[in-house]
Every structure is written in C-alpha cells, then in structure tokens.
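The primary structure of each chain is shown beneath.
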Amino acid sequence: MNGSRIAAVGHYQPAKVLTNEDLAGLVDTSDEWITSRVGIRTRHIAGPDEPVDELAGHAAAKALAAAGLGPEAIDLVVVATSTAVDRSPNMAARVAHRLSIPNPAAMDVNVVCAGFTHALATADHAVRAGAATRALVIGADKMSEVTDWTDRTTCVLVGDGAGAAVVEAAEEPGIGPVLWGSVPEMGNAVRIEGTPARFAQEGQSVYRWATTKLPPIARAACEKAGLTPADLAAVVLHQANLRIIEPLAEKIGAVNAVVARDVVHSGNTSAASIPLAFSKLVERGEISSGDPVLLFGFGGNLSYAGQVVRCP
C-alpha cells in the first residue's frame, strides 16, 4: 500500500439548540449583533451528563457503520480535543472502551481548532508507515464547558459536537501531504486556561492573522497534493467565524469549490468543526466520492494544518 484514504465519515451534535434569541436573554446581545459580526445563528449545547467522549463515541460509531466495519477492525484511535477534563484515561481510551475496540493504540491530540487536521495527518503517517491498519480519527469538543456565559464576546461563538473519520490503507493515496506549523509568539491570542478553565481570545489579532497569513499556506497545501485551488470540489476550513471563512476561502482562490459554512448552524466547535462540516457535506451529497477537498484547520496556539483529501 502506498498511502491511506478516508473510508467513511460521521458526525454527532447534542439535541439542545441554543439560538441567538436565547443568548439575548443571558447577555447584552441580539440576533442582529451576532449575525452581523460572526454569522452564527444557532449552536448545539451538550448537557452536564454528556461528556466529550460520549460525543466522540457517537460520531465514531456512525463513521464505523458508514464504513461497514466492526470495532475489531480498528487498531488506532486518535482523538483531537482541548476540552478533556481528566488527564487520564484519555479521550481516545474512553472512546475505545465505549465502542469495545480491542487493544488499539489510543492517543489524544491537543492542537485546539487545528486538532483534527493534525490528528488526521498523524493517522495517515501511522498507516503509511505500517504502524496501523485502520484508524478512527475524531475531533470532539465541549466548548460550552469552558465558556464564560456572562461574556458576550465569547459565549456567542461556541457550540459542542464531534466528527469522525475512518482512515485505512490504500493503493492510491487519498490523503495528501500535510502542511502544518504554528506561530508560537502569538500563541496567547487563543486560550483555554485558568481554574476553572475558560476560553478567551484576541479576536482582531486572530482575524488579521487568518485572513492575511493563511491564504498562501492553504494554497501551498494544494500544491503539495499536486493540485491548484481551482481543482478543489470543496473547502472545509475551521468553522471559527463566517467573517473569517468567507474572505479566507476567496483569497485561497478555490473558485469552483463548495465552501462549508456549518458555523452558521453549529457555532465554533473547535476540533470538531472540520469533521462535522465535512461529514455534513458528504451526507447531503454536496460532494461526490473521489472529489478533492481541502481541509484546513487553524486557531489555538496559532497553529495550522491542512491537507487535500479525497471524498469517501
């Protein structure tokens, strides 16, 4: 085998929906204020009895079912999350236990909003190196648990959810080379820290960085896959803010691509945002099997990672 591919995807969101009107009853805000600044209309919020590994497990089970595989087929579980409460056991081990996956390597990846694309690259490398046969790659976050619900600058942004992909060996590579990196000196621009942990960010700094520095990096990720942005069928960026997604997608130059805008309905779900939005595009039939799709995560740590994948 010369590479790996995404065999199937799945996603999950909690049942509770929080609207902009609901938020207007909590803080000094309005539907017009939120939609004009970030483009978000609704978000899903997990209850106190819905931990991160439960969200991840539901998404992973759907991906396994879509691939027609049982838990015994998986030998690597990688979970991207930045909202784990406990240090051990990690989320990957808890998901493996929930799904009765026997004896997998199980690891978490904390690269916040770029977590899923880092985790996907890690699984791709493991499969191509022969260290794994099939991997479950999951992005899952419960941002509502690290949010100050009295701070209107952050509470309007966040949502909870999970997305997952089954990665397996393939003769023809379906996951392109990753282009990843970070800007450590700007790492404090997005934070989840303190006791209790709380999400905070320097919104204008993140906006300027994302819309000016990231377009050439995203184009370079396409070049590493041997494609131009015009060849892309879809672009799935981290669903941070519609006012970041739209100009960034335009500057990348993917003129023929469907641009994922799931942030409107789901808010910023951190590591879950890319697999969640990607899975929805697949489920709705907006992209077809074999189509080239750019996945590009960015944000916390001011890290970024992107690769072109083929739609399952």
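Shown above is the structure to which this text applies.
Computed from a prediction, not measured in an experiment: that's the story for all the values here.

Here's the deal with the overall build of the chain
Phase 1 of the analysis: In terms of helices and strands, the chain carries 10 helices and 14 strands.
Phase 2 of the analysis: Rg of the C-alpha trace for the chain: 18 Å, near the compact-globule value of 20 Å for 312 residues, within the 12% margin.
Phase 3 of the analysis: The principal-axis extent of the C-alpha atoms belonging to the chain is close to 55 × 45 × 40 Å.
Phase 4 of the analysis: Sorting the 312 residues of the chain into buried and exposed places 58% on the buried side.

Here we look at unusual backbone geometry
Phase 1 of the analysis: With omega at 0°, the peptide bond leading from Ser88 into Pro89 counts as cis.
Phase 2 of the analysis: One can find Pro89 in the loop between strand S4 (76-80) and helix H4 (91-99).
Phase 3 of the analysis: The linkage connecting Thr195 with the following residue, Pro196, adopts the cis geometry, with an omega of 0°.
Phase 4 of the analysis: Relative to the helices and strands, Pro196 resides in the loop between strand S9 (190-193) and strand S10 (198-201).
Phase 5 of the analysis: For Asn301, which is not glycine, the phi dihedral falls at a positive 70°.

What about empty space enclosed by the protein?
Phase 1 of the analysis: Scanning the model with the defined rule gives one cavity of 30 Å³ or more in all.
Phase 2 of the analysis: The volume enclosed by the largest cavity comes to roughly 30 Å³.

Regarding the pattern of salt bridges
Phase 1 of the analysis: Taken as a whole and assessed by the stated rule, the structure comprises 14 salt bridges.
Phase 2 of the analysis: A salt bridge links Arg98 to Asp53; its shortest N-O distance comes to 2.6 Å. Note that Arg98 is positioned in helix H4 and Asp53 in helix H3 (residues 52-67), a separation of 45 residues in sequence.
Phase 3 of the analysis: Classification of Asp53 by relative accessible area gives buried; the value is 8%.
Phase 4 of the analysis: A salt bridge links Glu202 to Arg191; the nearest nitrogen and oxygen atoms lie 3.8 Å apart. With Glu202 in the loop between S10 and helix H7 (203-224) and Arg191 in strand S9, this residue pair connects regions lying 11 residues apart in the sequence.
Phase 5 of the analysis: Assessed through its relative accessible area of 40%, Glu202 is described here as partly exposed.
Phase 6 of the analysis: Through salt bridges that share partners, Arg5, Arg134 and Glu168 make up one connected network.

Looking at the packing of H7 against helix H8 (residues 242-252)
Phase 1 of the analysis: Packing of H7 against H8 leaves a shortest axis separation of 9 Å and a crossing angle of 35°. In this structure, H7 crosses over H8, and the sense of that crossing is right-handed. Across the interface between the two elements, Tyr207, Ala210, Thr211, Leu214, Pro215, Ala218 and Arg219 of H7 pack against Arg243, Ile244, Pro247, Leu248, Lys251 and Ile252 of H8.

Re the sheet that holds strand S1 (residues 3-12)
Phase 1 of the analysis: Spatially, the five strands line up as an open sheet ordered S1-S7-S6-S4-S5, and their pairing is mixed. Edge positions in the sheet fall to S1 and strand S5 (105-109), since each has one partner strand and no second. For this sheet the average axis-to-axis angle between neighbouring strands, irrespective of direction, equals 20°.
Phase 2 of the analysis: Relative to strand S7 (residues 160-170), S1 is paired through nine bridges, and the arrangement is antiparallel. If you follow Gly10 over to S7, its bridge partner there is Ala164.

Topic: the side chain of His11
Phase 1 of the analysis: Positionally, His11 belongs in strand S1.
Phase 2 of the analysis: Relative accessible area serves as the criterion here: at 10%, His11 is assigned to the buried category.
Phase 3 of the analysis: A polar contact of 2.7 Å, which involves the side chain of His11, links it to the side chain of Ser279.
Phase 4 of the analysis: If sequence neighbours within four positions are ignored, His11 has contacts with Ala59, Lys62, Ala162, Gly163, Leu276, Ser279, Lys280 and Glu283.

Some remarks on the environment of Gly39
Phase 1 of the analysis: Following the sequence through the fold, Gly39 ends up in the loop between helix H2 (31-37) and strand S3 (42-44).
Phase 2 of the analysis: Spatially, the C-alpha atoms of Gly39 and His265 are 9.2 Å apart, while their sequence positions differ by 226 residues.
Phase 3 of the analysis: Those residues within four positions of Gly39 in sequence are excluded, and the remaining contacts are Ile34, Leu242, Arg243 and Val264.

Looking at the nonpolar core
Phase 1 of the analysis: If you look at the biggest cluster of nonpolar residues, it comprises 48 residues, and the most contacted ones within it are Trp209, Leu214, Leu232, Leu237, Leu294, Phe296 and Phe298.
Phase 2 of the analysis: At the level of secondary structure, the elements contributing two or more residues to this core comprise H2, H7, strand S11 (234-237), H8, helix H9 (263-266), strand S13 (292-298) and strand S14 (303-310).
Phase 3 of the analysis: Of all the elements, H7 adds the most residues to this core, at eight residues.
Phase 4 of the analysis: Contacts of Leu237, omitting those with residues within four sequence positions, involve Ile245, Leu248, Ala249, Ile252, Ile274, Phe296 and Phe298.
Phase 5 of the analysis: One finds Val111, Ala114, Val127 and Val293 within the second-largest nonpolar core, a separate group that totals 34 residues.

Description of the packing of aromatic side chains
Phase 1 of the analysis: For the structure shown, the criterion picks out one aromatic pair.
Phase 2 of the analysis: Judged by centre distance (6.3 Å) and plane angle (40°), the ring pair of Phe296 and Phe298 falls under tilted.
Phase 3 of the analysis: The exposure class assigned to Phe296 is buried, which follows from its relative accessible area of 0%.

So, how was this worked out
- Residues numbered from 1 in each chain as written.
- Predicted model: local features only at pLDDT ≥ 70, side-chain atom pairs only at ≥ 80, totals over all residues.
- Heavy atoms only, no water.
- Helix = DSSP H or I, 4+ residues; strand = E, 2+ residues; numbered from the N terminus.
- Rg over C-alpha atoms; globule rule 2.2 N^0.38 Å.
- Buried < 20%, exposed > 50% of the residue type's maximum accessible area, 1.4 Å probe, protein only.
- 1 Å grid on protein atoms, 1.4 Å probe; cavity = no way out; pocket = protein on both sides within 12 Å on 5 of 7 lines; lining within 4 Å.
- Points joined across faces, edges and corners; volume = space filled by probe spheres on them.
- Salt bridge = Lys/Arg side-chain N within 4 Å of Asp/Glu carboxyl O.
- Axes fitted to C-alpha atoms, helices over the stretch in contact; angles between N-to-C directions.
- Left-handed = near helix turned anticlockwise from the far one by under 90°.
- Contact = heavy atoms within 4.5 Å.
- Pairing = 2+ DSSP bridges.
- Polar contact = N/O pair within 3.5 Å; in protein donor to acceptor, adjacent residues only side chain to side chain.
- Core = buried A, V, L, I, M, F, W, Y, C linked by side-chain atoms within 4.5 Å.
- Phe/Tyr/Trp six-rings, centres within 6.5 Å; stacked < 30°, edge-to-face > 60°.

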